[in-house]
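Remarks on the overall topology
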Amino acid sequence: MNKKDVLELKKRFTKNGCSFTKLCGCYVDSEKNIVLRLSETFLNLKEDEFYKYLEIAKKTLSGSLGNQLLELHFPMEQEFSGGRQQFLMGVKESQLKNDDLLERLYEQIVEHYDFVGNYLILIFYDSYDVMKKTTDRQNLEESEEVFSYLLCALCPVTLSKPALGYYAEENRIGARIRDWIVGVPETGFLFPAFTDRSSDVHSVLYYNKNPKETHHEFIKGFFGCQPVATAAEQKETFQTIFQETLGAEKATDNLYFLEMQQNLNQMLEEQFPEGEETESEEPFVLTPASVQTMLEEIGVPEEFSRQIKRSYTEEFSEALPKVEALIDKKALTIQEQKQKEFDLQQQVDVLTQQVEEQKVQIESVKAEAAATLESEQGHLIVKTTEETAQKIMAQRIDGQKYLVIPIAEDEVATINGVNTVLEVPSL
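Figured I'd write up the structure that's included with this text. (Residues numbered from 1 in each chain as written. Predicted model: local features only at pLDDT ≥ 70, side-chain atom pairs only at ≥ 80, totals over all residues. Heavy atoms only, no water.)

Summed over the entire model, instances satisfying the criterion amount to 26 aromatic pairs. Where Phe50 meets Tyr51, the ring centres are 5.6 Å apart and the plane angle is 85°; that geometry is what we call edge-to-face. The exposure class assigned to Phe50 is buried, which follows from its relative accessible area of 2%. Arranged with centres 4.7 Å apart and planes meeting at 35°, the rings of Phe147 and Phe194 form a pair that is tilted. With Phe147 in strand S5 (residues 139-159) and Phe194 in strand S10 (residues 193-195), the pair connects residues that are 47 residues apart, well separated along the chain. Comparing Phe147 with Phe194 shows no difference in burial state: the two are buried. (Phe/Tyr/Trp six-rings, centres within 6.5 Å; stacked < 30°, edge-to-face > 60°. Buried < 20%, exposed > 50% of the residue type's maximum accessible area, 1.4 Å probe, protein only. Helix = DSSP H or I, 4+ residues; strand = E, 2+ residues; numbered from the N terminus.)

In C-alpha cells:
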C-alpha cells in the first residue's frame, strides 16, 4: 500500500461518506477475561457514539507508512486451510454475522496480544465500491470492484484521573466519580490490504501507535507473519551499531556519527531535491557498500569501519533500511551547532592573528622610522624615533602653546633626505 491508497480509505470516514455496516467487539479486563460483547449496526448508532467510533477507525489508519503503518505479508502456509489468512478471510466473508467465528477471533487476539491493563477490541466491516478513475484521477460512474474488508482497533481502557467536580443538584464541590475511558487505538489492522486501489488478500496493513514497541508477539502469534522493523527501530539499531563499535555512551556523543548523519542527509537531498520520494520510484536504501564508502570519507579508522559495516550487514540482512529512516533530526541539529561553533572559532583565530600582525608592524615602524621634520603651511610635522619622541613636549610660552623639541647645538637631523643642522622655523 502507498499513501494514496491509505488516504482514499480514510477520506471516506465521514458522516456522509462512511459505509460501515457492522461493528462488533468485546471488552477485556486486565486478567484477560472477556467481560462484555457488543454487536451494532453501525449506521444506527447514536450520533455522539457514531462520531467517537468513527474517530477510532481513522486513528487506526494514521501515521506514516514504514513506521506506525507496516505492510505484513502472509507466509504461504498461512494461506492454506487452517492458516491465519484463511481464518481472517472467513471472518470477512461472514460480514461479522457468525458469532462462533467472532468468538474465536476475540480469543486469538486475547491469547497473542501482550497488553497490561484493560482494553477494547473493535471490529468494523465495510464494503467499498471502488470507482474507476481517469488518467487525471477523476472518478467515473463505473465500479471497478467492491473492496470488502475488516478494520480492527485495540483500544486501551483506563480509569480517569481523580479530580474535583461541581455537583449542580447539591450545589457543592466534591470528588468527581472516576470513569473507565476508551482511549485511541494502540494497535490495529486492516485486512485485506488495499494495494493499488484493489484488494490484496496476501497482505495485511498493521498499525501500532508506538513504532518502538510493535508487539512482535502479536504479529507472529496472531497473523503468523514475520515482524517488520519500523523506521524508528531501524534508526535505533543503526545508532546502537555506532555506540557499541566506537564506545560512545550515546551515538550523538561521537563526532563520526554526527558527520555520518550530515552525509546521509546530504545524500537524501541530492537524490530527492524536492524533499519527497515519489510513489513510482524504488525505495532509496543504504547499502553496506555505501556505508563503507561514507565511513572512509569521514576518516573512521579502518578497524572500526570494518566492524560497523559487518554489523550493519548482519542487522539488516533481511531488508535494507531507507536512508530517510536512519536520519536523526536531533543529531543533525547538534552537528549544525558544532559546525557553527567551529566556523566562529576559525574567524576568531584569523582575527587574533591579524591583530598580532598589526601590533608587530606598528612596533617595527615605531622602532625603525627616521626623524623627519618638514614645514607645510605653517604646520610643523615631525617624525622621530621612539627615543626622540619621548623628549618632545608641549609648553606654553608668552601665552602661546608650542611644541618643544629639545636638541643639542651640534645635532644633525635628516630633512628631505639631507643631513643638516636643525633649524626650527618661527611659527
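Turning our attention to the nonpolar core. Counting residues in each nonpolar core, the largest one holds 35 residues, and the members touching the most others are Ile109, Ile121 and Phe223. With six residues, helix H4 (residues 99-112) is the single largest residue contributor to this core. Once residues within four sequence positions are removed from consideration, Ile109 is found in contact with Tyr119, Ile121, Cys152, Leu154, Phe218 and Phe222. Core analysis: the second largest hydrophobic core is formed by 34 residues, Cys18, Leu54, Val157 and Leu205 among them. (Core = buried A, V, L, I, M, F, W, Y, C linked by side-chain atoms within 4.5 Å. Contact = heavy atoms within 4.5 Å.)

Looking now at the environment of Leu332. One can find Leu332 in helix H10 (residues 329-368). A relative accessible area of 16% means that Leu332 is categorised as buried.

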